Structures are given as C-alpha cells and as structure tokens.
Amino acid sequence: MSKVCQLFSGSSGNSILISSKGHHFLVDIGVSAKKCEKALMDIGVDPASISAIFVTHEHIDHSKGVRVFASRYKVPVFLPERCIDSMLESGLLSDKVHFERINHHMELCGIETLAFKQSHDSCDCVGYRFNLHGGRSVSVCTDTGYITDNAKEVLPGSDLIFIESNHEVSMVETGPYPYSLKKRILGEFGHLSNFACGEYMKSLAKDGTTRFVLSHLSRENNMPHIARQSAVASLAEIGLKEESDYRLYVSSPENNGGGIAL
C-alpha cells in the first residue's frame, strides 16, 4: 500500500511525505528539521527511515530544514541544478550533505520520479510526479503562476495530485498588501489562484485523477471553505460530484488528519 501526507502547507512552511512499499520520500522541508522530525514521529514514521528528499525550489518555506535533516540522517537530496549554488551560498545546503541535480527522469527505491518545470520567481522551480509501487501515481504541483506546458505533459493520469490553490483573486486585489506584492502574487511567476486551480482540475479529472489535495493556501488571501467551494464548483461544471466521482482534501498549515491511503 502507498500513502501520502501533507505535513506542512503554506507560506509558513511546506513538506509532503510520500510512502510506498516501506520507502519514504519527503518533498521539501520548509520548517526546521526538529519540527519535521516531530511531525513524522506523530504519524508513526521514523525520521531515520527517509530515503530521499526532493526539493522543489530554494525559497525558505520549502528548504529551511533540508540541510540539518539531510546531514543528521545521511539522506540524499535531489533538487534543480540552479538551486544548488543558491542554497549553498545561503547556507541551506553544505558540502556535508549528499546532493544531486534532479534529472527529468530517475528511479529510486523502485519508484519512478519525473520532474517538470514550474513558473515561479525562484532561480529554478520544479514539480514532481512519483509513479509508485502497485501502479499508483502521486504528483506535486505547487508554486507556479500558471500550469506550464511541461506540467501538462507529465501530470495527466496521476491518481492523486497536490495542487496549489493559493489565493482568491478578489481578496488579493482588495487586501492590504502593497501593489508590488499583489502584482507578484497575481503574475505569471507567482502563485496559482483558486479559479486557475479549478480550471486545471477539470482537465485532470477528465484524464483520470480522482483525488485532489488543495495546497499552499494563503492565510491572508484565501480561506479553506472558499478554496473548496471554488474547486467543487469547477468540477460540477463538467458533471462531477464530490465523493461519488472524486475526493477533495484541503491542506491545513500543519497536518491534523493523518495521511491518505492509495
């Protein structure tokens, strides 16, 4: 059996656990290593059992605990090539950590991993698809201003996807953020809105995705019930009903409901 769990989500830190046939991967560690260790132990996973860490990009809410965790448990780190120098320079990586440039396609522990380019204002940013044991697949598509052509090539057919539903456009536009920050969030190198998320969910559903996890919600510019309503309304436009045709989850800033079995 395979299982996934969003340990942390949002601007305060992100981390996703993906487990299959006794192997455990982490996608990002955007909190302290100590906090990540506790979150893993709370769901019965030994931090020393992590087989690999996959980093999406260098921003602190995705990379804060990578160096310490990887060094402590001798875990290899895979990340986009241009992130390596940035994270070394900022101290988020060190030569005491075994790190490798992520290839578009690789296999580790019998799990096939595909990386795809995202549109975000970092030096480099990728999402991941993991083809797990037993034929199931899980994808992570967050931190992007729009769904890239590369993502559209890789994501179809994923059984479950963690997809960014960062903000409600009207809340950004009328909120207290300075204009420059609003422009960043709403731009093509920012974050995916509830509407854009819902539009792409329709395409994914048509291609067989039946489980969606709305992720990286903004605390200031979104609300869980708004993100959920937007997603449900989008899928209803193509005749799909929650629970009978798909399952929908909304990530909280910290895990409060265990994992999702596949």
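Calculation criteria
- Residues numbered from 1 in each chain as written.
- Predicted model: local features only at pLDDT ≥ 70, side-chain atom pairs only at ≥ 80, totals over all residues.
- Heavy atoms only, no water.
- Helix = DSSP H or I, 4+ residues; strand = E, 2+ residues; numbered from the N terminus.
- Rg over C-alpha atoms; globule rule 2.2 N^0.38 Å.
- Buried < 20%, exposed > 50% of the residue type's maximum accessible area, 1.4 Å probe, protein only.
- Contact = heavy atoms within 4.5 Å.
- Axes fitted to C-alpha atoms, helices over the stretch in contact; angles between N-to-C directions.
- Nonpolar A, V, L, I, M, F, W, Y, C, P; charged D, E, K, R; others polar.
- Pairing = 2+ DSSP bridges.
- Core = buried A, V, L, I, M, F, W, Y, C linked by side-chain atoms within 4.5 Å.
- Salt bridge = Lys/Arg side-chain N within 4 Å of Asp/Glu carboxyl O.
- Parallel < 35°, antiparallel > 145°, perpendicular 65-115°, else oblique.
- Left-handed = near helix turned anticlockwise from the far one by under 90°.
- Expected span 1.5 Å × (residues − 1).
- Phe/Tyr/Trp six-rings, centres within 6.5 Å; stacked < 30°, edge-to-face > 60°.

K.L.:
Would you mind showing me how to read the overall build of the protein here?
P.N.:
Assigned secondary structure in the protein consists of nine helices and 14 strands. On C-alpha atoms alone, the protein measures out to a radius of gyration of 17 Å, which is about the 18 Å that the 2.2 N^0.38 rule sets for 262 residues. Seen through its principal axes, the protein has C-alpha atoms that stretch 50 × 45 × 35 Å. The buried share of the protein, reckoned over its 262 residues, is 55%. For the protein, contacts bridging at least 24 residues in sequence account for 64% of all contacts bridging at least 6.

K.L.:
Would you take a moment to explain the packing of helix α1 (residues 33-42) against helix α3 (residues 66-73) for this structure?
P.N.:
For any two helices packed against each other, one specifies the inter-axial angle together with the distance between the axes. One way to put it is that α1 packs onto α3 with a least axis distance of 8 Å and a crossing angle of 65°. Taken together, the residues of α3 that come into contact with α1 (itself represented by Ala33, Cys36, Glu37 and Leu40) are Val68, Phe69, Arg72 and Tyr73. Considered class by class, the residues forming the contact of α1 with α3 number six nonpolar, no polar and two charged.

K.L.:
Even after reading the chapter, I still don't get the pairing of strand β8 (residues 111-117), so can you show me in this structure?
P.N.:
Side chains on a regular strand alternate between the two faces of the sheet. Across the seven residues that make up β8, a large majority, five, are buried. Sheet topology places strand β7 (residues 105-108) next to β8; four bridges connect them, and they run antiparallel. Paired with Met106 across the strands is Thr113, a residue of β8.

K.L.:
Just checking my understanding: could you explain the sheet that holds strand β4 (residues 50-54) for this structure?
P.N.:
Sheet architecture is open: seven strands sit in the order β6-β5-β4-β3-β2-β1-β14, paired in mixed fashion. Only two strands of the sheet have a single partner each, and these edge strands are β6 (99-101) and β14 (260-261). Of the strand pairs in this sheet, β4 and strand β5 (residues 77-79) are connected by two bridges, and their pairing is parallel. By the bridge assignment, Phe54 is partnered in β5 with Phe78. The strands touched by α1 within the sheet are β1 (2-8), β2 (15-20), β3 (23-27) and β4, with β1 carrying the most contacts at an inclination of about 140°.

K.L.:
Would you mind showing me how to read the nonpolar core here?
P.N.:
Generally speaking, soluble globular proteins have nonpolar side chains that are buried together. Among the nonpolar cores identified, the biggest contains 27 residues, and Leu26, Leu40, Ile53 and Phe69 are the most heavily contacted of them. Sorting the residues of this core by element identifies β1, α1, β4, α3, β5 and α4 (81-90) as the ones contributing at least two each. The leading source of residues in this core is α1, at four residues. Setting aside its immediate chain neighbours within four residues, Phe69 contacts Leu26, Ile29, Ala33, Cys36, Glu37, Leu40, Pro47, Ile50, Ile53 and Val75.

K.L.:
I keep staring at the pattern of salt bridges and nothing clicks. Help me out?
P.N.:
Pairing of side chains with opposite charge becomes possible as their charged atoms draw close. Following the criterion strictly, the structure yields 10 salt bridges and no others. Linking Lys117 and Asp124 is a salt bridge whose minimum nitrogen-to-oxygen distance equals 3.0 Å. For Asp124, a relative accessible area of 7% translates into the label buried. Among the ionic pairs, Asp159 bridges to Arg136, the shortest N-O distance being 3.5 Å. Here Asp159, found in the loop between α5 (149-154) and β11 (160-164), pairs with Arg136, found in the loop between β9 (126-131) and β10 (137-141); they are 23 residues apart in sequence, far enough to count as distant. The exposure class assigned to Arg136 is partly exposed, which follows from its relative accessible area of 40%. Salt bridges linked by common partners bring Arg82, Lys117 and Asp124 together as one network.

K.L.:
Is there a simple way to think about the packing of helix α8 (residues 194-206) against helix α9 (residues 224-236) in this case?
P.N.:
Put simply, α8 and α9 touch, their axes get as near as 8 Å, and they point 40° apart. The angle between α8 and α9 falls in the class oblique. The crossing of α8 and α9 is right-handed. When α8 is examined against α9, the residues Asn194, Phe195, Gly198, Glu199, Met201, Lys202 and Ala205 are found in contact with a partner set consisting of Ile226, Ala227, Ser230, Ala231, Ser234 and Leu235. Of the residues contributing to the contact of α8 with α9, the split by class is seven nonpolar, four polar and two charged.

K.L.:
Before we go on, may I ask you to explain α8 in this structure?
P.N.:
Helical geometry note: an α-helix holds 3.6 residues per turn, so side chains three or four residues apart project in the same direction. In this model, α8 (13 residues) spans 19 Å end to end at C-alpha, consistent with the 18 Å of a helix rising 1.5 Å per residue. Among the residues making up α8, those that are buried are Asn194, Cys197, Gly198, Tyr200, Met201, Lys202, Leu204 and Ala205. On its buried face, α8 is in contact with α5, β11, β12 (211-215), α9 and β13 (247-250). One or two steps after α8, the chain reaches Gly208, where phi turns positive at roughly 110°.

K.L.:
What should I look at first to understand the packing of aromatic side chains in this one?
P.N.:
In this description, a pair of aromatic rings is defined by centroid distance and the angle of the planes. Across all of its chains, the model carries eight aromatic pairs by this definition. Pairing Phe25 with Phe130 gives two aromatic rings, centres 6.0 Å apart and planes at 55°, and the pair type is tilted. Remark: Phe130 occurs in strand β9 and Phe25 occurs in strand β3; sequence separation between them is 105 residues. Comparing Phe25 with Phe130, the two get one shared label, buried. Connected via pairs of aromatic rings, a cluster forms that spans Phe25, Phe54, Phe78, Tyr128 and Phe130.

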